Amino acid sequence: MTQAPTPTADSVRRLVRSLLKESRQTADGGEGPDVRPVTEGREHTWWVGTRHVLRLAPDHDASVRRRRELRLRDLIRPHVPVAVPVSVAHGDWAPGLAYTLDTKLPGGTADEHDVSAVGEADLAGLLGGLRAVPQRQAETLGVPRTAPRSLEALRRMAVHAAERLAAADEFDAARLLQLTPPGAAQLAAQHGSAVLTHHGLTGEHVVVSADGRVRGVLDWTRAAVGDPAEDIAGLAVAVGSPAAVRAATLAGYGARPCLRGLWLARCDTVLRLTDRLEGRAAGSLPLLRIQLRRVWEPILLERVTEFKDDETEP
């Protein structure tokens, strides 16, 4: 397989100059538009001026997801109350490698701004809207269907990881013992509960304004038809467990998927921090510690320990 070229400021500027009219007009006497990587070390995502972001697929699989995302965003947009990015240009930036030039959504991220009570209602609208997206249409676009994860298998791995975190004075391993094997079995995903999920909600993908409103959601390349608890888990990591559970409850989800999402998030964050400390994964240690703290914020719903056998979600 031919190695993909490495994007540079010059190559990005040349691409953008060919796409934006205002860039061509200013190119006569200057270098062209101001471009810079969104995050240091992420060479495939670039700010373009103050109004656009350029996303370059680094390989074939990412290109497939980028092209699918363009169609999926059009399907999602009428169903959700928050903004979904709009592409002003798309194509190939290298042979077989896709790009999309999107308008920048105004606001910061959930890692920078707290979500207000009204913002929680925005998140509830997001979760409810995704449930309303026709699954068959999404799958026709190529969105994959994913099986629910085993919470019991995840719990066992997290218990061992928590012991190592405790030895490093990073975490009280006894907290994870609150989730017992019978409890994990009770929180298994229910048959027929699959919905369209973002499947990659993180603080950096949730756009929040200074007043705490949720203004948009970025990066739909990992979307899947699957377990709604995955998005509840993502929100717990992004905005904290109480806000995530309140939003999911307002969206019509019951105790079972809320608690399932909460424990998915708790196990995931324990494992991610352990992997980072032991050198198996990259990532910001301060952010991973913040995410661990967010998902362990207490909620009253944790007192619920039994579910009726015939309980169904609306």
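A brief structural summary. Please read all numbers here as calculations on a predicted model, not as lab measurements. (Residues numbered from 1 in each chain as written. Predicted model: local features only at pLDDT ≥ 70, side-chain atom pairs only at ≥ 80, totals over all residues. Heavy atoms only, no water.)

Let's shift gears to the packing of helix α6 (residues 151-167) against helix α10 (residues 255-277). Contact geometry for α6 and α10: axes closest at 9 Å, N-to-C directions at 45°. It follows that α6 is oblique to α10 by the angle criterion. Remark: the crossing between α6 and α10 carries left-handed chirality. Seen from α6, the contacting residues are Leu151, Leu154, Arg155, Met157, Ala158, Ala161, Ala162, Arg164 and Leu165; seen from α10, they are Arg260, Trp263, Leu264, Cys267, Asp268, Val270, Leu271, Leu273, Thr274 and Leu277. A breakdown of the residues in the contact of α6 with α10 according to their chemical character gives 14 nonpolar, 1 polar and 4 charged. (Axes fitted to C-alpha atoms, helices over the stretch in contact; angles between N-to-C directions. Helix = DSSP H or I, 4+ residues; strand = E, 2+ residues; numbered from the N terminus. Parallel < 35°, antiparallel > 145°, perpendicular 65-115°, else oblique. Left-handed = near helix turned anticlockwise from the far one by under 90°. Contact = heavy atoms within 4.5 Å. Nonpolar A, V, L, I, M, F, W, Y, C, P; charged D, E, K, R; others polar.)

Counting buried positions along strand β3 (residues 52-56) gives 5 out of 5 residues, so the element sits mostly inside the fold. Neither face of β3 is open: one carries His52, Leu54 and Leu56, the other Val53 and Arg55, and all of them are buried. Relative to β3, strand β2 (residues 45-48) is paired through 4 bridges, and the arrangement is antiparallel. In the sheet register, valine 48 faces β3, and the bridge partner there is histidine 52. Hairpin connection between β2 and β3: a loop of 3 residues separates the two successive antiparallel strands, and glycine 49 in this loop has a positive phi of roughly 60°. Relative to strand β5 (residues 97-103), β3 runs antiparallel, the two sharing 5 bridges. (Buried < 20%, exposed > 50% of the residue type's maximum accessible area, 1.4 Å probe, protein only. Pairing = 2+ DSSP bridges.)

It is worth spelling out the environment of leucine 235 at this point. If you trace the backbone, leucine 235 turns up in helix α8 (residues 229-239). Judged by relative accessible area, which is 0%, leucine 235 ranks as buried. For the pair formed by leucine 235 and glycine 203, sequence separation is 32 residues and the distance between their alpha carbons is 7.9 Å. Contact partners of leucine 235, with chain neighbours within four places excluded, come to Leu123, Leu127, Leu201, Gly240 and Ala244.

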